[in-house]
Amino acid sequence: MTGKNALFEPIKIGNLVSSNRLMINAMECCDSDEYGNPTERTYERYTKLFKGQAGLIDLEAITVTYDSRGRKMQLSIEPHNEKALEKFVSQLRKENDKTLFIFQLTHSGELSHPDFSRRVTVKHLPGFGGDLLSEEEVDDILDKFVLAAKICHNVGGNGVDLKLSHGYLGSQLLRPYNDRDWKYGGPWEKRSRFAFELIERVVKEVNDPDFLVGSKVSVWEGFPGGCGAASPTTAVMDLTESIDLVKGLEERGAHYILQSAGSPSITLALSQPDKAIPDYAYLHHYFSKTLKENLKPETVVIGSAYSIFRDGKNNLQAVKPEENTLLYWGDKNIREGVCDMVALGRQSFADPFVPQKLMEGREDEIDWCTACDNCIELLIRQQNVGCTTYNKPYRDALRKIREEEGKLKAKRT
Ligand SMILES: Cc1cc2nc3c(=O)[nH]c(=O)nc-3n(C[C@H](O)[C@H](O)[C@H](O)COP(=O)(O)O)c2cc1C
Ligand code: SF4
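With that settled, the discussion passes to the pattern of salt bridges. According to the stated counting rule, one finds 33 salt bridges in the structure shown. We note a salt bridge from Lys-150 to Glu-205, for which the minimum N-O separation is 3.2 Å. Here Glu-205 lies in helix α6 (residues 193-206) and Lys-150 lies in helix α3 (residues 135-154), a separation of 55 residues in the sequence. Overall, the relative accessible area of 31% leaves Lys-150 in the partly exposed class.

Now the structure itself:
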(Lines give C-alpha, C1' and ligand atoms only; values in the text may rest on other atoms or scores of the structure.)
(Ligands and ions follow the chains in the order given, each with its own letter.)
Protein backbone atom coordinates (compact mmCIF):
# COMPACT_ATOMS: atom_id res chain seq x y z
CA MET A 1 0.00 0.00 0.00
CA THR A 2 1.25 3.52 -0.80
CA GLY A 3 1.28 6.53 1.51
CA LYS A 4 -2.08 7.82 0.28
CA ASN A 5 -5.31 7.06 2.10
CA ALA A 6 -5.94 3.30 1.87
CA LEU A 7 -9.51 4.00 0.68
CA PHE A 8 -8.09 5.11 -2.65
CA GLU A 9 -6.04 1.96 -3.30
CA PRO A 10 -7.31 -0.61 -5.82
CA ILE A 11 -8.22 -4.10 -4.65
CA LYS A 12 -8.68 -7.43 -6.38
CA ILE A 13 -12.08 -9.09 -5.91
CA GLY A 14 -12.11 -12.54 -7.49
CA ASN A 15 -10.69 -12.05 -10.99
CA LEU A 16 -11.79 -8.40 -11.12
CA VAL A 17 -10.36 -5.19 -9.71
CA SER A 18 -12.17 -2.48 -7.81
CA SER A 19 -10.33 0.76 -8.55
CA ASN A 20 -10.74 1.99 -4.97
CA ARG A 21 -12.00 0.69 -1.62
CA LEU A 22 -15.28 2.61 -1.57
CA MET A 23 -18.47 0.71 -2.27
CA ILE A 24 -21.99 2.03 -2.62
CA ASN A 25 -24.12 -0.13 -0.35
CA ALA A 26 -27.45 -1.49 -1.60
CA MET A 27 -30.10 1.21 -1.05
CA GLU A 28 -33.74 0.56 -2.03
CA CYS A 29 -35.55 3.56 -3.45
CA CYS A 30 -39.03 2.40 -4.54
CA ASP A 31 -38.99 3.99 -7.95
CA SER A 32 -39.45 1.19 -10.46
CA ASP A 33 -42.35 1.10 -12.91
CA GLU A 34 -45.30 -1.25 -12.46
CA TYR A 35 -43.34 -4.15 -13.99
CA GLY A 36 -40.33 -3.68 -11.70
CA ASN A 37 -38.22 -2.03 -14.40
CA PRO A 38 -36.00 1.02 -13.80
CA THR A 39 -37.68 4.38 -14.41
CA GLU A 40 -36.20 7.77 -15.27
CA ARG A 41 -35.67 8.37 -11.55
CA THR A 42 -33.78 5.10 -11.18
CA TYR A 43 -31.57 6.05 -14.14
CA GLU A 44 -30.97 9.48 -12.65
CA ARG A 45 -29.87 8.06 -9.29
CA TYR A 46 -27.52 5.46 -10.69
CA THR A 47 -26.10 7.79 -13.33
CA LYS A 48 -24.97 10.08 -10.51
CA LEU A 49 -23.54 7.15 -8.57
CA PHE A 50 -21.60 5.94 -11.61
CA LYS A 51 -20.25 9.44 -12.18
CA GLY A 52 -19.23 9.40 -8.50
CA GLN A 53 -16.59 6.71 -9.26
CA ALA A 54 -16.99 4.29 -6.36
CA GLY A 55 -15.00 1.12 -7.06
CA LEU A 56 -18.06 -1.07 -6.58
CA ILE A 57 -21.80 -0.41 -6.63
CA ASP A 58 -24.37 -2.81 -5.20
CA LEU A 59 -27.69 -2.38 -7.01
CA GLU A 60 -30.43 -2.05 -4.37
CA ALA A 61 -32.43 -5.09 -3.24
CA ILE A 62 -33.98 -6.39 -6.45
CA THR A 63 -36.71 -8.97 -5.95
CA VAL A 64 -36.43 -12.41 -7.51
CA THR A 65 -40.23 -12.58 -7.47
CA TYR A 66 -42.81 -9.87 -7.79
CA ASP A 67 -45.33 -12.06 -5.89
CA SER A 68 -43.69 -11.46 -2.49
CA ARG A 69 -41.96 -8.12 -2.21
CA GLY A 70 -41.44 -5.47 0.40
CA ARG A 71 -41.89 -2.37 -1.74
CA LYS A 72 -44.67 -1.58 -4.14
CA MET A 73 -42.28 -0.04 -6.67
CA GLN A 74 -39.39 -2.47 -6.09
CA LEU A 75 -37.01 -3.36 -8.89
CA SER A 76 -37.56 -6.90 -10.09
CA ILE A 77 -35.36 -9.47 -11.80
CA GLU A 78 -37.47 -12.01 -13.62
CA PRO A 79 -37.32 -13.00 -17.31
CA HIS A 80 -39.68 -10.15 -18.30
CA ASN A 81 -37.21 -7.61 -16.83
CA GLU A 82 -34.17 -8.85 -18.76
CA LYS A 83 -34.36 -6.41 -21.66
CA ALA A 84 -34.89 -3.36 -19.46
CA LEU A 85 -32.03 -4.37 -17.16
CA GLU A 86 -29.71 -4.93 -20.10
CA LYS A 87 -30.41 -1.40 -21.32
CA PHE A 88 -29.95 -0.04 -17.80
CA VAL A 89 -26.52 -1.66 -17.32
CA SER A 90 -25.23 -0.70 -20.77
CA GLN A 91 -26.36 2.90 -20.28
CA LEU A 92 -24.59 3.16 -16.92
CA ARG A 93 -21.42 1.65 -18.31
CA LYS A 94 -21.33 4.52 -20.80
CA GLU A 95 -21.01 6.89 -17.82
CA ASN A 96 -18.13 4.95 -16.36
CA ASP A 97 -16.90 1.51 -17.38
CA LYS A 98 -14.48 1.07 -14.47
CA THR A 99 -16.96 0.78 -11.62
CA LEU A 100 -17.95 -2.82 -10.85
CA PHE A 101 -21.70 -3.35 -10.68
CA ILE A 102 -23.28 -6.17 -8.70
CA PHE A 103 -26.98 -6.84 -8.02
CA GLN A 104 -28.41 -7.55 -4.58
CA LEU A 105 -30.83 -10.43 -5.11
CA THR A 106 -33.55 -10.73 -2.51
CA HIS A 107 -36.83 -12.26 -1.45
CA SER A 108 -38.67 -10.32 1.25
CA GLY A 109 -40.26 -13.30 3.07
CA GLU A 110 -42.02 -12.03 6.19
CA LEU A 111 -41.20 -8.45 5.15
CA SER A 112 -43.27 -8.80 1.97
CA HIS A 113 -46.04 -6.24 2.10
CA PRO A 114 -49.49 -7.86 2.42
CA ASP A 115 -51.22 -4.82 0.83
CA PHE A 116 -49.87 -5.70 -2.61
CA SER A 117 -48.08 -9.05 -2.33
CA ARG A 118 -48.07 -12.34 -0.48
CA ARG A 119 -46.36 -12.24 2.92
CA VAL A 120 -44.68 -15.56 3.68
CA THR A 121 -42.68 -16.76 6.64
CA VAL A 122 -40.43 -19.59 7.76
CA LYS A 123 -41.92 -19.44 11.26
CA HIS A 124 -44.25 -16.80 12.64
CA LEU A 125 -42.36 -13.99 14.31
CA PRO A 126 -44.44 -11.92 16.78
CA GLY A 127 -45.81 -8.86 15.00
CA PHE A 128 -45.07 -10.10 11.46
CA GLY A 129 -47.10 -13.19 10.47
CA GLY A 130 -47.54 -14.45 6.92
CA ASP A 131 -48.26 -17.79 5.24
CA LEU A 132 -45.99 -20.55 6.47
CA LEU A 133 -43.68 -21.58 3.63
CA SER A 134 -43.61 -25.22 2.56
CA GLU A 135 -40.38 -27.01 1.60
CA GLU A 136 -41.48 -27.08 -2.04
CA GLU A 137 -42.07 -23.33 -1.99
CA VAL A 138 -38.57 -22.69 -0.67
CA ASP A 139 -37.16 -25.05 -3.35
CA ASP A 140 -38.98 -22.90 -5.90
CA ILE A 141 -37.64 -19.65 -4.40
CA LEU A 142 -34.12 -21.10 -4.60
CA ASP A 143 -34.67 -21.76 -8.32
CA LYS A 144 -35.83 -18.16 -8.73
CA PHE A 145 -32.65 -16.82 -7.10
CA VAL A 146 -30.51 -18.94 -9.42
CA LEU A 147 -32.48 -17.77 -12.45
CA ALA A 148 -32.06 -14.15 -11.28
CA ALA A 149 -28.28 -14.63 -10.98
CA LYS A 150 -28.25 -15.91 -14.58
CA ILE A 151 -30.25 -12.88 -15.69
CA CYS A 152 -27.81 -10.59 -13.90
CA HIS A 153 -24.97 -12.30 -15.77
CA ASN A 154 -26.80 -12.09 -19.11
CA VAL A 155 -27.48 -8.37 -18.77
CA GLY A 156 -23.83 -7.54 -18.07
CA GLY A 157 -23.75 -7.33 -14.25
CA ASN A 158 -20.36 -8.08 -12.69
CA GLY A 159 -21.81 -10.26 -9.97
CA VAL A 160 -24.42 -10.84 -7.30
CA ASP A 161 -24.94 -10.13 -3.64
CA LEU A 162 -27.11 -13.00 -2.40
CA LYS A 163 -28.90 -11.16 0.37
CA LEU A 164 -28.68 -13.00 3.71
CA SER A 165 -29.23 -9.98 5.91
CA HIS A 166 -31.57 -7.43 7.47
CA GLY A 167 -34.46 -9.79 8.17
CA TYR A 168 -35.28 -10.69 4.55
CA LEU A 169 -35.89 -14.33 3.64
CA GLY A 170 -32.20 -15.28 3.32
CA SER A 171 -31.57 -14.33 6.93
CA GLN A 172 -34.95 -15.50 8.27
CA LEU A 173 -33.95 -19.03 7.30
CA LEU A 174 -30.60 -18.73 9.09
CA ARG A 175 -31.95 -17.53 12.43
CA PRO A 176 -31.90 -19.81 15.50
CA TYR A 177 -35.56 -18.72 15.74
CA ASN A 178 -36.23 -20.92 12.69
CA ASP A 179 -36.34 -24.02 14.89
CA ARG A 180 -39.28 -25.56 13.02
CA ASP A 181 -38.59 -29.20 12.13
CA TRP A 182 -38.28 -29.08 8.32
CA LYS A 183 -35.78 -29.30 5.47
CA TYR A 184 -34.77 -25.64 5.93
CA GLY A 185 -34.91 -25.28 9.72
CA GLY A 186 -33.99 -26.74 13.09
CA PRO A 187 -30.29 -27.58 13.48
CA TRP A 188 -27.70 -25.25 11.89
CA GLU A 189 -26.99 -27.77 9.09
CA LYS A 190 -30.59 -27.34 7.93
CA ARG A 191 -30.89 -23.59 8.60
CA SER A 192 -27.77 -22.97 6.49
CA ARG A 193 -28.89 -25.32 3.70
CA PHE A 194 -30.60 -22.60 1.63
CA ALA A 195 -27.60 -20.24 1.74
CA PHE A 196 -25.08 -22.95 0.89
CA GLU A 197 -27.12 -24.63 -1.84
CA LEU A 198 -27.84 -21.23 -3.34
CA ILE A 199 -24.22 -20.17 -3.66
CA GLU A 200 -23.17 -23.61 -4.91
CA ARG A 201 -25.81 -23.51 -7.62
CA VAL A 202 -25.10 -19.90 -8.64
CA VAL A 203 -21.38 -20.62 -9.03
CA LYS A 204 -22.05 -23.82 -10.96
CA GLU A 205 -24.89 -22.63 -13.18
CA VAL A 206 -23.58 -19.16 -14.05
CA ASN A 207 -20.25 -20.84 -14.63
CA ASP A 208 -18.15 -17.74 -15.29
CA PRO A 209 -14.95 -17.33 -13.24
CA ASP A 210 -15.15 -13.56 -13.77
CA PHE A 211 -18.62 -13.29 -12.22
CA LEU A 212 -18.48 -12.11 -8.60
CA VAL A 213 -20.46 -13.95 -5.96
CA GLY A 214 -20.89 -12.90 -2.35
CA SER A 215 -23.41 -12.01 0.33
CA LYS A 216 -24.46 -9.26 2.66
CA VAL A 217 -24.80 -10.84 6.09
CA SER A 218 -26.20 -9.57 9.39
CA VAL A 219 -23.54 -10.88 11.75
CA TRP A 220 -25.70 -10.18 14.82
CA GLU A 221 -29.32 -9.09 14.51
CA GLY A 222 -29.60 -7.99 18.14
CA PHE A 223 -32.89 -9.58 19.21
CA PRO A 224 -33.86 -12.96 20.72
CA GLY A 225 -33.45 -15.78 18.22
CA GLY A 226 -31.99 -13.49 15.53
CA CYS A 227 -28.87 -14.27 13.50
CA GLY A 228 -25.80 -14.36 15.75
CA ALA A 229 -27.86 -15.15 18.88
CA ALA A 230 -26.88 -18.10 21.04
CA SER A 231 -30.32 -19.78 20.94
CA PRO A 232 -33.90 -19.28 19.69
CA THR A 233 -34.84 -17.53 22.93
CA THR A 234 -31.88 -15.29 23.72
CA ALA A 235 -30.28 -12.24 22.17
CA VAL A 236 -26.91 -13.12 23.77
CA MET A 237 -24.27 -12.81 21.06
CA ASP A 238 -22.61 -16.00 19.87
CA LEU A 239 -20.97 -15.58 16.48
CA THR A 240 -20.20 -19.28 15.93
CA GLU A 241 -22.91 -19.67 13.29
CA SER A 242 -22.18 -16.33 11.59
CA ILE A 243 -18.54 -17.37 11.28
CA ASP A 244 -19.52 -20.80 10.00
CA LEU A 245 -21.82 -19.11 7.49
CA VAL A 246 -19.15 -16.88 5.95
CA LYS A 247 -16.58 -19.69 5.93
CA GLY A 248 -19.11 -21.96 4.24
CA LEU A 249 -19.85 -19.28 1.64
CA GLU A 250 -16.12 -18.81 1.06
CA GLU A 251 -15.56 -22.57 0.64
CA ARG A 252 -18.31 -22.60 -1.97
CA GLY A 253 -16.87 -19.74 -3.99
CA ALA A 254 -17.73 -16.38 -2.34
CA HIS A 255 -15.30 -13.67 -3.42
CA TYR A 256 -16.47 -11.12 -0.89
CA ILE A 257 -18.63 -10.73 2.21
CA LEU A 258 -20.51 -7.51 2.83
CA GLN A 259 -20.73 -7.23 6.59
CA SER A 260 -23.79 -5.75 8.24
CA ALA A 261 -25.74 -6.15 11.46
CA GLY A 262 -29.25 -5.76 12.75
CA SER A 263 -32.60 -6.16 11.09
CA PRO A 264 -33.94 -2.69 10.24
CA SER A 265 -37.61 -3.45 10.95
CA ILE A 266 -36.61 -4.63 14.45
CA THR A 267 -33.21 -3.16 15.38
CA LEU A 268 -32.84 -0.17 13.02
CA ALA A 269 -30.16 1.79 14.90
CA LEU A 270 -27.93 -1.27 14.87
CA SER A 271 -28.12 -1.54 11.06
CA GLN A 272 -27.71 2.16 10.49
CA PRO A 273 -26.33 4.02 13.51
CA ASP A 274 -28.20 7.30 13.87
CA LYS A 275 -27.72 10.64 15.58
CA ALA A 276 -29.05 9.30 18.87
CA ILE A 277 -26.91 6.14 18.98
CA PRO A 278 -23.90 6.75 16.72
CA ASP A 279 -21.78 4.43 18.91
CA TYR A 280 -23.26 1.31 17.30
CA ALA A 281 -20.95 2.03 14.36
CA TYR A 282 -18.08 0.70 16.47
CA LEU A 283 -19.85 -2.66 16.80
CA HIS A 284 -19.62 -3.00 13.02
CA HIS A 285 -15.82 -2.69 13.28
CA TYR A 286 -15.80 -5.63 15.66
CA PHE A 287 -18.01 -7.67 13.34
CA SER A 288 -15.98 -7.04 10.18
CA LYS A 289 -12.72 -7.74 12.04
CA THR A 290 -14.16 -11.04 13.26
CA LEU A 291 -14.99 -11.96 9.66
CA LYS A 292 -11.52 -10.92 8.45
CA GLU A 293 -9.90 -13.12 11.11
CA ASN A 294 -11.87 -16.13 10.01
CA LEU A 295 -11.64 -15.79 6.24
CA LYS A 296 -8.79 -16.19 3.76
CA PRO A 297 -6.88 -12.96 2.98
CA GLU A 298 -8.16 -13.01 -0.62
CA THR A 299 -11.82 -12.97 0.45
CA VAL A 300 -12.72 -9.29 0.48
CA VAL A 301 -14.53 -8.13 3.63
CA ILE A 302 -16.54 -4.95 3.17
CA GLY A 303 -17.49 -3.04 6.32
CA SER A 304 -20.82 -1.23 6.70
CA ALA A 305 -22.24 1.67 8.72
CA TYR A 306 -19.60 4.29 7.91
CA SER A 307 -21.99 7.15 7.02
CA ILE A 308 -22.14 8.34 10.63
CA PHE A 309 -18.40 9.20 10.64
CA ARG A 310 -18.70 11.84 7.87
CA ASP A 311 -16.36 14.79 8.61
CA GLY A 312 -16.21 14.06 12.32
CA LYS A 313 -19.24 16.21 13.12
CA ASN A 314 -21.27 13.48 14.79
CA ASN A 315 -22.30 12.80 18.36
CA LEU A 316 -19.46 10.41 19.09
CA GLN A 317 -17.71 11.25 22.36
CA ALA A 318 -14.14 11.01 23.68
CA VAL A 319 -12.56 11.21 20.24
CA LYS A 320 -10.67 13.99 18.47
CA PRO A 321 -12.77 15.29 15.54
CA GLU A 322 -9.92 14.66 13.09
CA GLU A 323 -9.64 11.05 14.28
CA ASN A 324 -13.32 10.44 13.89
CA THR A 325 -14.01 10.90 10.21
CA LEU A 326 -14.90 8.63 7.30
CA LEU A 327 -11.43 9.20 5.83
CA TYR A 328 -9.75 8.41 9.15
CA TRP A 329 -11.67 5.23 9.97
CA GLY A 330 -11.65 3.97 6.40
CA ASP A 331 -7.86 4.29 6.17
CA LYS A 332 -7.18 2.96 9.67
CA ASN A 333 -9.54 -0.01 9.44
CA ILE A 334 -8.22 -1.12 6.07
CA ARG A 335 -4.58 -0.81 7.19
CA GLU A 336 -5.26 -2.64 10.46
CA GLY A 337 -7.15 -5.54 8.89
CA VAL A 338 -10.59 -4.61 10.23
CA CYS A 339 -11.98 -4.69 6.67
CA ASP A 340 -10.76 -4.43 3.07
CA MET A 341 -13.34 -1.99 1.76
CA VAL A 342 -15.89 0.41 3.18
CA ALA A 343 -19.55 0.60 2.08
CA LEU A 344 -21.54 3.82 2.10
CA GLY A 345 -25.29 3.71 2.49
CA ARG A 346 -27.05 6.95 3.46
CA GLN A 347 -23.99 9.04 2.57
CA SER A 348 -24.48 7.95 -1.04
CA PHE A 349 -27.97 9.53 -0.97
CA ALA A 350 -26.71 12.76 0.62
CA ASP A 351 -23.94 13.08 -1.97
CA PRO A 352 -23.61 10.48 -4.75
CA PHE A 353 -20.31 12.04 -5.82
CA VAL A 354 -18.61 11.43 -2.49
CA PRO A 355 -15.91 8.97 -3.69
CA GLN A 356 -14.82 11.34 -6.46
CA LYS A 357 -14.79 14.36 -4.14
CA LEU A 358 -12.77 12.46 -1.53
CA MET A 359 -10.25 11.24 -4.11
CA GLU A 360 -9.85 14.77 -5.46
CA GLY A 361 -9.34 16.22 -1.95
CA ARG A 362 -12.61 18.14 -2.11
CA GLU A 363 -14.01 17.08 1.28
CA ASP A 364 -15.18 20.64 1.91
CA GLU A 365 -17.62 20.32 -0.99
CA ILE A 366 -19.28 17.17 0.30
CA ASP A 367 -22.92 17.23 1.45
CA TRP A 368 -22.56 15.13 4.58
CA CYS A 369 -25.35 12.85 5.75
CA THR A 370 -26.83 14.05 9.06
CA ALA A 371 -28.17 10.59 9.97
CA CYS A 372 -31.65 12.09 10.42
CA ASP A 373 -33.16 8.94 8.88
CA ASN A 374 -35.86 10.79 6.94
CA CYS A 375 -34.91 8.67 3.92
CA ILE A 376 -35.85 5.46 5.70
CA GLU A 377 -39.16 7.08 6.66
CA LEU A 378 -39.84 7.60 2.94
CA LEU A 379 -39.00 3.95 2.33
CA ILE A 380 -41.30 2.73 5.10
CA ARG A 381 -44.06 4.89 3.62
CA GLN A 382 -43.52 3.28 0.18
CA GLN A 383 -42.52 6.60 -1.40
CA ASN A 384 -39.74 7.34 -3.88
CA VAL A 385 -36.65 7.51 -1.68
CA GLY A 386 -33.89 10.10 -1.58
CA CYS A 387 -32.17 12.52 0.74
CA THR A 388 -34.59 15.04 2.22
CA THR A 389 -31.77 17.20 3.61
CA TYR A 390 -30.16 18.02 0.25
CA ASN A 391 -32.95 17.31 -2.22
CA LYS A 392 -36.06 19.47 -2.19
CA PRO A 393 -38.48 17.16 -4.07
CA TYR A 394 -37.94 14.42 -1.48
CA ARG A 395 -38.23 16.94 1.37
CA ASP A 396 -41.50 18.27 -0.06
CA ALA A 397 -42.85 14.76 -0.59
CA LEU A 398 -42.18 13.82 3.04
CA ARG A 399 -43.65 17.06 4.36
CA LYS A 400 -46.79 16.54 2.29
CA ILE A 401 -47.34 12.97 3.42
CA ARG A 402 -46.81 13.92 7.08
CA GLU A 403 -49.28 16.80 6.75
CA GLU A 404 -51.88 14.55 5.13
CA GLU A 405 -51.43 12.01 7.88
CA GLY A 406 -51.77 14.76 10.51
CA LYS A 407 -55.05 15.89 8.94
CA LEU A 408 -56.38 12.33 8.91
CA LYS A 409 -55.47 11.84 12.57
CA ALA A 410 -57.14 15.12 13.51
CA LYS A 411 -60.32 14.02 11.69
CA ARG A 412 -60.37 10.72 13.57
CA THR A 413 -60.07 12.34 17.03
C1 LIG B 1 -33.56 4.14 2.54
C2 LIG B 1 -32.67 2.95 2.78
C3 LIG B 1 -32.74 1.88 1.90
C4 LIG B 1 -31.92 0.76 2.12
N5 LIG B 1 -31.99 -0.29 1.23
C6 LIG B 1 -31.21 -1.37 1.43
C7 LIG B 1 -31.20 -2.44 0.50
O8 LIG B 1 -31.82 -2.40 -0.56
N9 LIG B 1 -30.43 -3.51 0.78
C10 LIG B 1 -29.65 -3.57 1.92
O11 LIG B 1 -28.95 -4.57 2.11
N12 LIG B 1 -29.60 -2.57 2.78
C13 LIG B 1 -30.34 -1.46 2.57
N14 LIG B 1 -30.24 -0.40 3.42
C15 LIG B 1 -29.21 -0.45 4.47
C16 LIG B 1 -27.89 0.12 3.93
O17 LIG B 1 -27.42 -0.56 2.80
C18 LIG B 1 -26.79 0.12 5.01
O19 LIG B 1 -26.52 -1.22 5.39
C20 LIG B 1 -27.16 0.93 6.23
O21 LIG B 1 -27.82 2.13 5.87
C22 LIG B 1 -25.89 1.29 7.05
O23 LIG B 1 -24.98 2.04 6.26
P24 LIG B 1 -24.84 3.64 6.39
O25 LIG B 1 -24.56 3.94 7.82
O26 LIG B 1 -23.72 3.95 5.47
O27 LIG B 1 -26.14 4.23 5.96
C28 LIG B 1 -31.04 0.72 3.23
C29 LIG B 1 -30.98 1.82 4.09
C30 LIG B 1 -31.77 2.93 3.87
C31 LIG B 1 -31.65 4.10 4.78
S1 SF4 C 1 -32.34 11.97 4.60
FE2 SF4 C 1 -31.02 12.26 6.42
S3 SF4 C 1 -30.24 10.18 6.83
FE4 SF4 C 1 -31.07 10.14 4.78
S5 SF4 C 1 -29.30 10.55 3.47
FE6 SF4 C 1 -30.28 12.52 3.87
S7 SF4 C 1 -29.22 13.36 5.62
FE8 SF4 C 1 -28.74 11.19 5.53
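Still more to cover.
This next bit is on the sheet that holds strand β14 (residues 341-344). Ordered in space as β3-β4-β5-β8-β9-β12-β13-β14, the 8 strands form a closed barrel in which the pairing is parallel. The sheet shows a mean angle of 25 degrees between the axes of neighbouring strands, direction not considered. The sheet contact formed by strand β13 (residues 300-303) and β14 spans 2 bridges and is parallel. Paired with Ile-302 across the strands is Met-341, a residue of β14.

Turning to the site of ligand 1, a few remarks are in order. Every one of the 22 residues lining ligand 1 counts as a neighbour, but Ala-26, Gln-104, Ser-307, Gly-345 and Arg-346 are closest to it. Between ligand 1 and the protein, one listed contact pairs an oxygen atom with a side-chain N or O atom of Asn-25 at 3.5 Å. The backbone of Ala-61 places a nitrogen or oxygen atom 3.1 Å from an oxygen atom of ligand 1. When ligand 1 sits alone it has 610 Å² of accessible area, and the protein chains cover 98% of it. Within the residue set of the shell around ligand 1, elements represented by two or more residues are α11 (346-350) and α13 (374-380). By residue number, the principal contributor to the shell around ligand 1 is α13, which donates 3 residues. The residue makeup of the shell around ligand 1, split by class, is 11 nonpolar, 7 polar and 4 charged.

All right, on to the packing of aromatic side chains then. A full pass over the atoms with the stated rule returns 15 aromatic pairs. The interplanar angle of 55 degrees and the centroid separation of 5.9 Å between the aromatic rings of Tyr-306 and Phe-309 together place this pair among those described as tilted. Note on Phe-309: relative accessible area 0%, which makes it buried. Among the aromatic residues, those joined into a ring-pair cluster are Tyr-43, Tyr-46, Phe-50, Phe-88, Phe-101 and Phe-103. Directly above the aromatic system of Tyr-66 lies the positively charged group of Arg-69, at a separation of 3.7 Å from the ring centroid. Across the ring face of Tyr-177, the terminal group of Lys-123 is positioned such that the distance to the ring centre comes to 4.2 Å.

Here the phi dihedral of Arg-310 falls at roughly 40 degrees; this positive angle occurs in a residue that is not glycine. Phi angles above zero are rare outside glycine, and Gln-382 is one such case at about 60 degrees. Looking at the secondary structure, you find Gln-382 in the loop between α13 and α14 (392-412).

The subject of this paragraph is helix α1 (residues 40-51). Helix length check: α1, at 12 residues, gives a terminal C-alpha distance of 16 Å against a target of 16 Å (1.5 Å per residue), a fit within 8%. Here the buried face of α1 lies against β3 (22-24), β4 (56-63), α2 (82-95), β5 (100-106) and α11. Phi for Gln-53, located one or two positions after α1, is positive at around 70 degrees.

What counts, and where the lines are drawn
- Residues numbered from 1 in each chain as written.
- Chains lettered and ligands numbered in written order.
- Predicted model: local features only at pLDDT ≥ 70, side-chain atom pairs only at ≥ 80, totals over all residues.
- Heavy atoms only, no water.
- Salt bridge = Lys/Arg side-chain N within 4 Å of Asp/Glu carboxyl O.
- Helix = DSSP H or I, 4+ residues; strand = E, 2+ residues; numbered from the N terminus.
- Buried < 20%, exposed > 50% of the residue type's maximum accessible area, 1.4 Å probe, protein only.
- Pairing = 2+ DSSP bridges.
- Axes fitted to C-alpha atoms, helices over the stretch in contact; angles between N-to-C directions.
- Near = heavy atom within 4 Å.
- Polar contact = N/O pair within 3.5 Å; in protein donor to acceptor, adjacent residues only side chain to side chain.
- Areas by Shrake-Rupley, 256 points an atom, 1.4 Å probe, with all protein chains shown as cover.
- Nonpolar A, V, L, I, M, F, W, Y, C, P; charged D, E, K, R; others polar.
- Phe/Tyr/Trp six-rings, centres within 6.5 Å; stacked < 30°, edge-to-face > 60°.
- Lys NZ or Arg CZ within 6 Å of the ring centre and 35° of its normal.
- Expected span 1.5 Å × (residues − 1).
- Contact = heavy atoms within 4.5 Å.

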